[in-house]
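As a plain string of letters, each chain reads:
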Amino acid sequence: MPSHPAAPLLDVTLRPGSPPVLRIDSCADPASWVAGHRDALRAVVAEHGALLVRGLGLHDAAGAGDAFRALADRLMGAEKEGFAPRTPHSEGVYSSSKWPQNQPMCMHQELSYTLEFPGLMLFACLTAPAAGGMTGVADTPTVLDALPRKLVKRFERQGWLLTRNYNDEIGASVAEAFGTDDRATVEEYCRANAIAYQWQPDGTLRTRQRRSAVVRHPVTGQRCWFNQVAFLNEWTIEPEVREYLVDVYGADGLPFNTCYGNGEPLGPDVVERLNSVYEAHTLHEPWQAGDLLVVDNIRTAHSRAPFDGPREVLVAMADPVRLSACSPTIEVSAT
């Protein structure tokens with residue numbers, strides 16, 4: 001997303017603690033407005049990593065999808081390896097991940113454990129919650145600079161390892177994550193995507209994949225902290241929930257867990273440090289119905305706060321990028 005001379009034409013508000021916000025007069029045709037300002041909008045996202053557009057008046061899935069398509073080069077289809085199910089609304093337009101509304105979704109970049117992931121994340125708020133529910137953003141080059149050098153160097157050398165257990169009771173099932181429950185098709189996908197797999201005696205699936213924790217942005221060359229090490233780690237789960245899951249599924253049966261790339265577990269102090277650095281650099285703005293949030297998924301991590309009342313935020317993943325284009329610090333592998 002290169003910079004563009006039209007960017008200064010947009011009156012973007014920059015305030016401490018908040019992402020860049022562009023307020024516009026309500027318009028009759030949001031998609032046409034987005035199409036007419038596409039280059040300028042993308043230039044602001046390229047400069048700042050995220051942009052909240054307020055006043056568009058997005059009020060249904062069809063209008064949100066039209067606005068998404070006007071802004072993106074290409075919307076991605078049904079995701080593979082999703083960690084929580086989504087409800088499709090139209091091609092490339094989905095609900096937010098199903099996640100307990102009383103629990104936060106910690107900072108992460110979408111699908112950062114896959115070999116192809118969204119370059120852009122697009123969010124449209126149709127119904128704002130009564131309280132909470134903000135989608136926070138954090139600049140990951142800044143996060144990377146704030147992390148202890150010794151810890152960063154270790155992740156650069158070793159990467160991070162993600163272990164997942166797929167079942168029909170918690171998290172995403174095999175069918176939801178891979179689009180099929182046919183074992184041969186799932187195994188073919190895993191082999192093609194450097195994922196080790198093992199079918200368990202009870203029919204569930206366990207996978208392992210080693211990925212780079214630091215990448216370079218393919219356009220700007222910025223070094224970015226790009227992973228879901230903290231979000232998908234056992235120590236980020238609420239203590240009572242983690243205890244219940246361990247009791248039911250065993251310590252090795254959690255729906256997901258992360259560790260250093262050599263397989264060594266992460267201590268709770270490390271996970272707490274990661275999350276505290278994210279928190280120190282989180283920007284957020286309460287949702288209003290009709291808002292559009294655009295996020296550079298490589299440079300900028302995002303989160304979701306707990307909330308009260310109904311909340312409907314639609315999502316599109318767009319402009320796919322291959323990990324190989326981002327100068328990973330390790331070679332991806334299944335273990």
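Residues numbered from 1 in each chain as written. Predicted model: local features only at pLDDT ≥ 70, side-chain atom pairs only at ≥ 80, totals over all residues. Heavy atoms only, no water.

**Things to note about the environment of V45**
Argument step 1. Take V45: it is sitting in helix α2 (residues 38-48).
Argument step 2. Under the relative-accessibility criterion, V45 is labelled buried at 1%. (Helix = DSSP H or I, 4+ residues; strand = E, 2+ residues; numbered from the N terminus. Buried < 20%, exposed > 50% of the residue type's maximum accessible area, 1.4 Å probe, protein only.)

**What to know about the pairing of strand β17 (residues 292-296)**
Argument step 1. Counting buried positions along β17 yields five of five residues, so the element is predominantly enclosed.
Argument step 2. Residue alternation in β17 divides its side chains into two sets, L292, V294 and D296 and L293 and V295, and both sets are buried.
Argument step 3. Relative to β17, strand β3 (residues 50-54) runs antiparallel, the two being bridged by four bridges. The residue of β17 that forms the bridge with L51 is V294.
Argument step 4. With five bridges connecting them, strand β7 (residues 116-127) and β17 associate as antiparallel partners. (Pairing = 2+ DSSP bridges.)

**What to know about the nonpolar core**
Argument step 1. Counting 57 residues, the largest nonpolar core has F83, F117, F123, F155, W225, L274 and I298 as the members making the most contacts within it.
Argument step 2. Tallying contributions element by element places helix α9 (residues 268-280) first for this core, with five residues.
Argument step 3. Those residues in contact with F155 that sit more than four places away from it in its chain are W160, A213, W225, V229, Y260, L266 and T329.
Argument step 4. In terms of nonpolar packing, the next biggest core, distinct from the first, is built from 31 residues, A40, A67, L126 and L292 among them. (Core = buried A, V, L, I, M, F, W, Y, C linked by side-chain atoms within 4.5 Å. Contact = heavy atoms within 4.5 Å.)

**Things to note about the packing of aromatic side chains**
Aromatic rings in a pair are described by how distant their centres are and how their planes are angled relative to each other.
Argument step 1. Evaluated as defined, the whole model comprises nine aromatic pairs.
Argument step 2. An angle of 55° between the planes, with centres 4.7 Å apart, marks the rings of F117 and F226 as tilted. Placement of F117 in strand β7 and of F226 in the loop between β14 (223-225) and α8 (239-249) is noted, with a sequence separation of 109 residues between them. The same class applies to F117 as to F226, namely buried.
Argument step 3. Ring centres 5.6 Å apart and planes at 70° place the aromatic pair F178 and Y189 in the edge-to-face group. With a gap of 11 residues between them, F178 in helix α6 (residues 174-178) and Y189 in helix α7 (residues 183-192) connect regions that are remote in the sequence.
Argument step 4. For F178, a relative accessible area of 4% corresponds to the buried category.
Argument step 5. Among the aromatic side chains, those forming a connected cluster through ring pairs are F83, W99, F231 and F256.
Argument step 6. Above the plane of the ring of W235 lies R242, whose end atom (NZ or CZ) is 4.1 Å from the centre.
Argument step 7. Its guanidinium or amino end placed over the ring of F307, R311 lies 5.6 Å from that ring's centre, counting from NZ or CZ. (Phe/Tyr/Trp six-rings, centres within 6.5 Å; stacked < 30°, edge-to-face > 60°. Lys NZ or Arg CZ within 6 Å of the ring centre and 35° of its normal.)

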